[in-house]
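# Fold and contact review
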Amino acid sequence: MDLFHIIAEERIQKAYKDGEFDNLKGYGKPLELEDLSSIPEELRMAYKIMKNAGYMEEESSLHKEMMTIEALMKKCDDRVEKVELQKKLNEKLLRWNQIMSKRGVKTHSALFKNYEHKIEKRFK
């Protein structure tokens with residue numbers, strides 16, 4: 001063992017004896033461990049950092065869906081199908097903007113706010 005490990009262990013033991021861990025949240029309860037088995041081992045630390053920073057999995061899936069829809073639109077020749085894809089893309093973008101605004105992130109998308117208001121007016 002290196003010197004830092006020994007010092008850390010001594011301080012942990014001292015704190016335990018002094019009762020400094022008695023008032024911790026969740027004291028006496030089993031730890032709630034996350035199942036990270038679906039995430040490759042080399043990406044787990046990055047995943048935890050992003051999750052603790054407020055990054056949500058829904059953002060990632062929305063982003064992937066938007067990229068897929070945009071790729072489909074580029075390849076699509078049928079006008080009717082392209083309109084449907086554009087509607088789906090707009091829905092995903094609206095959801096994306098809602099998520100970002102909840103996090104307090106500015107999205108440079110005043111156009112989407114106007115579009116959202118137009119949709120709300122149609123449904124009223």
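The rules behind the values
- Residues numbered from 1 in each chain as written.
- Predicted model: local features only at pLDDT ≥ 70, side-chain atom pairs only at ≥ 80, totals over all residues.
- Heavy atoms only, no water.
- Helix = DSSP H or I, 4+ residues; strand = E, 2+ residues; numbered from the N terminus.
- Buried < 20%, exposed > 50% of the residue type's maximum accessible area, 1.4 Å probe, protein only.
- Contact = heavy atoms within 4.5 Å.
- Areas by Shrake-Rupley, 256 points an atom, 1.4 Å probe, with all protein chains shown as cover.
- pLDDT = per-residue confidence, 0-100.
- Core = buried A, V, L, I, M, F, W, Y, C linked by side-chain atoms within 4.5 Å.
- 1 Å grid on protein atoms, 1.4 Å probe; cavity = no way out; pocket = protein on both sides within 12 Å on 5 of 7 lines; lining within 4 Å.
- Points joined across faces, edges and corners; volume = space filled by probe spheres on them.
- Nonpolar A, V, L, I, M, F, W, Y, C, P; charged D, E, K, R; others polar.

### Comments concerning the overall build of the protein chain
- Scanning the protein chain from N- to C-terminus turns up five helices and zero strands.
- Ordering the α and β elements of the protein chain from the N terminus gives α-α-α-α-α.
- A buried classification covers 15% of the 124 residues belonging to the protein chain.
- In the protein chain, once contacts between residues fewer than 6 apart in sequence are set aside, the share between residues at least 24 apart is 35%.
- If you sum the accessible surface of the protein chain, you get close to 11200 Å²; carbon and sulfur atoms cover 57% of it.

### Comments concerning the environment of arginine 44
- One can find arginine 44 in helix α2 (residues 44–52).
- Arginine 44 sits in the partly exposed class, given a relative accessible area of 28%.
- Look past the residues within four positions of arginine 44 in its chain and what remains in contact with it is Leu36, Ser37 and Ile39.

### Remarks on the confidence of the model for the protein chain
- Considering every residue of the protein chain, the mean pLDDT works out to 80; 83% of them sit at 70 or more.
- Confidence, read as mean pLDDT per element, is least for helix α5 (residues 110–123) in the protein chain (66) and greatest for helix α1 (residues 3–17) (93).

### Notes on the nonpolar core
- Formed by Met66, Ile69, Met73, Cys76, Leu85, Leu89 and Leu93, the largest nonpolar core amounts to seven residues.
- Leaving out residues up to four positions away in the same chain, leucine 89 has contacts with Met66, Ile69, Glu70 and Met73.

### Concerning the layout of surface pockets
- In this model, the largest pocket occupies a volume close to 250 Å³.
- Forming the walls of the largest pocket are Phe21, Leu24, Lys25, Gly26, Tyr27, Lys29, Pro30, Leu31 and Glu32.
- Tallied by class, the residues present in the lining of the largest pocket amount to five nonpolar, one polar and three charged.

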